[in-house]
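Residue-level structural notes
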Amino acid sequence: MTRHIGSGGLAFLFLVLAVAARASDNCDVVAGAQATIKCVACHSLDTSENGVGPSLQGVYGRKIAAYEGFRYSRALRKIEGEWTAEELDKFLLKPQAYAPGTRMAFGGLQKDQERADVICFLKQQGG
């Protein structure tokens, strides 16, 4: 069976390869890039386009619930601050516990290292 990679998948593959050369002391950027495959069903990682969820391009350090052009739930709009490593870690562990009433249906990333790797990858993507 032959599988074809669509333009979005190809762009993501290039993105993963681009960050593979970047080193980090506390996490695995490549593992984080691979784990974010769980996110692409709803979020864009390599463009500024929103999907079911807001684009994750430049999410690290961005004000919470502030990506232009995306309509956030009231639950997230009530939260002040920025998406720091600490805030992303709490949100990615259990989105519904972090922001009760959020529309994000994802159950969370239960493994500490997987969350750390995803956050590392998102941080590397910059703003």
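Now for a quick tour of the structure. Since this is a predicted model, take the numbers as computed values, not measurements.

1. Some remarks on the environment of C42
Positionally, C42 belongs in the loop between α2 (29-35) and α3 (74-77). Owing to a relative accessible area of 34%, C42 belongs among the partly exposed residues under this scheme. Here the alpha-carbon distance between C42 and M104, two residues 62 residues apart in the chain, equals 9.2 Å. Beyond its immediate sequence surroundings of up to four residues, C42 is in contact with G51, V52 and G53.

2. Concerning a positive patch on the surface
The grouping of R71, R74, R77, K78 and R103 at the surface amounts to a positive patch. With respect to the element layout, R77 can be found in helix α3. Judged by its relative accessible area of 48%, R77 is partly exposed.

3. A few points about the state of the cysteines
Taken as a whole, this structure holds 1 disulfide when the rule is applied. A disulfide bridge connects C27 with C120, and the sulfur atoms are separated by 2.1 Å. An S-S torsion of about 60° defines the bridge between C27 and C120 as right-handed. Linking C27 in the loop between α1 (7-20) and α2 with C120 in helix α6 (residues 112-125), this pair joins segments that are 93 residues apart in sequence. For the residue pair C27 and C120, the accessibility class agrees, reading buried in each case. Just so you know, C39 is unpaired, no disulfide at all, and the nearest cysteine sulfur is the one on C42, 8.9 Å from it.

4. Examining the nonpolar core
Counting 29 residues, the largest nonpolar core has I64, L76, W83, Y98 and L122 as the members making the most contacts within it. Where this core is concerned, the elements lending two or more residues are α2, α3, α4 (85-93) and α6. Ranked by residue count, the leading element in this core is α6, at 5 residues. Beyond its immediate stretch of four places on either side in the chain, W83 contacts V59, Y60, G61, R62, K63, I64, A65, L76, L88, F91 and Y98.

5. Overview of α6
Under the 1.5 Å per step criterion, the end-to-end length of α6 is 20 Å for 14 residues, consistent within 8% with the ideal 20 Å. All buried positions along α6 are accounted for by E114, R115, D117, V118, I119, C120, F121 and L122. Downstream of α6 by one or two residues, G126 has phi in the positive range, about 65°.

Reading guide: rules and limits
All residue numbers here refer to positions counted from 1 along the written sequence of the relevant chain. Local features are withheld for residues below a pLDDT of 70 in this predicted model, meaning they are given only at 70 or higher, and side-chain atom pairs are given and counted only at 80 or more; totals for whole chains, interfaces and linings count all residues. The side-chain figures draw on all heavy atoms in the structure; neither hydrogens nor water molecules are used. We count a stretch as a helix when DSSP gives it H or I for four or more residues in a row; a strand needs E for two or more, and each element gets its number in order from the N terminus. Only protein chains enter the accessibility calculation, which uses a 1.4 Å probe; a residue is then buried when its area is under 20% of its type maximum, exposed when over 50%, and partly exposed in between. Pairs of residues are marked as contacts when any of their non-hydrogen atoms sit within 4.5 Å. Patch rule: a residue counts if its relative accessible area is over 30% and it has no salt bridge; like charges are joined within 9 Å, and nonpolar side chains (Val, Leu, Ile, Met, Phe, Trp, Tyr) within 5 Å. To be clear on the numbers: accessible area is Shrake-Rupley with a 1.4 Å probe, and residue cover counts the displayed protein chains and nothing else. Salt bridge criterion: a side-chain nitrogen from Lys or Arg within 4 Å of a carboxyl oxygen from Asp or Glu. His is not counted here, nor are the chain ends, while Lys and Arg score as positive and Asp and Glu score as negative. Every charge is mapped onto a representative atom, which is NZ of Lys, CZ of Arg, CG of Asp or CD of Glu. Cysteine sulfur atoms are paired as a disulfide whenever they fall within 2.5 Å. Only buried Ala, Val, Leu, Ile, Met, Phe, Trp, Tyr and Cys residues count toward a nonpolar core, and they belong to the same one when joined by side-chain atoms within 4.5 Å. To estimate how far a helix should extend, the number of its residues minus one is multiplied by 1.5 Å.

Limitation: the analysis is restricted to geometry and does not speak to function.
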